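Remarks on the overall topology
The chain contents come next:
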Amino acid sequence: GEKNTDRKHKYGDSDCDGIVSEKDMEYMMKKVLDPKSKMPIEYKINNYMVYFDIDGDGKLTANDVAFISGIKYNYIKNNDI
């Protein structure tokens, strides 16, 4: 798979503002429900899924969003991924 060498983005930061917020969760869930919808990060980098496909199944799912939410609320540390 593609390696994450671009460390300027954070896991789950779908709007690229440097903070994983509720707005990011909204963008991610919208993408889960409608895969044709675009998150702002998709317009900025090609390998955006590196930051969202946590379980490695090739798509953004509710499972990935739940995991990212766990990171946001410090249930899971970012370097545990």
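Residues numbered from 1 in each chain as written. Predicted model: local features only at pLDDT ≥ 70, side-chain atom pairs only at ≥ 80, totals over all residues. Heavy atoms only, no water.

1. Concerning the environment of Met49
As for its position among the elements, Met49 is in the loop between helix H1 (22-33) and helix H2 (62-72). Measuring from C-alpha to C-alpha, the distance between Met49 and Leu60 comes to 7.6 Å, with 11 residues separating the pair along the chain. What Met49 contacts, discounting residues up to four positions off in sequence, is Gly58, Lys59 and Leu60. (Helix = DSSP H or I, 4+ residues; strand = E, 2+ residues; numbered from the N terminus. Contact = heavy atoms within 4.5 Å.)

2. Thoughts on the confidence of the model for the protein chain
Of all residues in the protein chain, 79% have pLDDT values of 70 or greater, and the mean over the chain is 85. Contacts for the low-pLDDT stretch residues 1-5, under 50 throughout, to residues beyond four places or in other chains number five contacts. (pLDDT = per-residue confidence, 0-100.)

3. Points about the nonpolar core
Met28, Met39, Ile41, Tyr51, Phe52 and Ile68 are the most contacted members of the largest nonpolar core, which totals 15 residues. Counting only elements with at least two residues in this core, the list comes to H1 and H2. (Core = buried A, V, L, I, M, F, W, Y, C linked by side-chain atoms within 4.5 Å. Buried < 20%, exposed > 50% of the residue type's maximum accessible area, 1.4 Å probe, protein only.)

4. Digging into the packing of aromatic side chains
Enumeration over the complete set of coordinates arrives at two aromatic pairs. Geometrically, the ring pair formed by Tyr48 and Phe52 is tilted, given 6.4 Å between the ring centres and 55° between the ring planes. An identical accessibility class is assigned to Tyr48 and Phe52; each is buried. Seen from the ring of Tyr27, Lys23 lies directly overhead, with NZ or CZ sitting 5.3 Å from the centre. (Phe/Tyr/Trp six-rings, centres within 6.5 Å; stacked < 30°, edge-to-face > 60°. Lys NZ or Arg CZ within 6 Å of the ring centre and 35° of its normal.)

5. Some words on the environment of Lys23
The topology assignment puts Lys23 in helix H1. Residues Lys23 and Asp13, spaced 10 residues apart in sequence, show a C-alpha to C-alpha distance of 9.2 Å.

6. A look at the side chain of His9
Turning to its location among the elements, His9 is positioned in the segment before H1. Residue classification places His9 among the buried positions, given a relative accessible area of 11%. With residues near it in sequence (within four places) discarded, His9 still touches Cys16, Ile41, Ile45 and Tyr51.

7. Some words on unusual backbone geometry
With a phi close to 60°, Cys16 is a non-glycine residue in the positive phi region. Position of Cys16 relative to the elements: it lies in the segment before H1. Its relative accessible area of 22% is what places Cys16 among the partly exposed residues.

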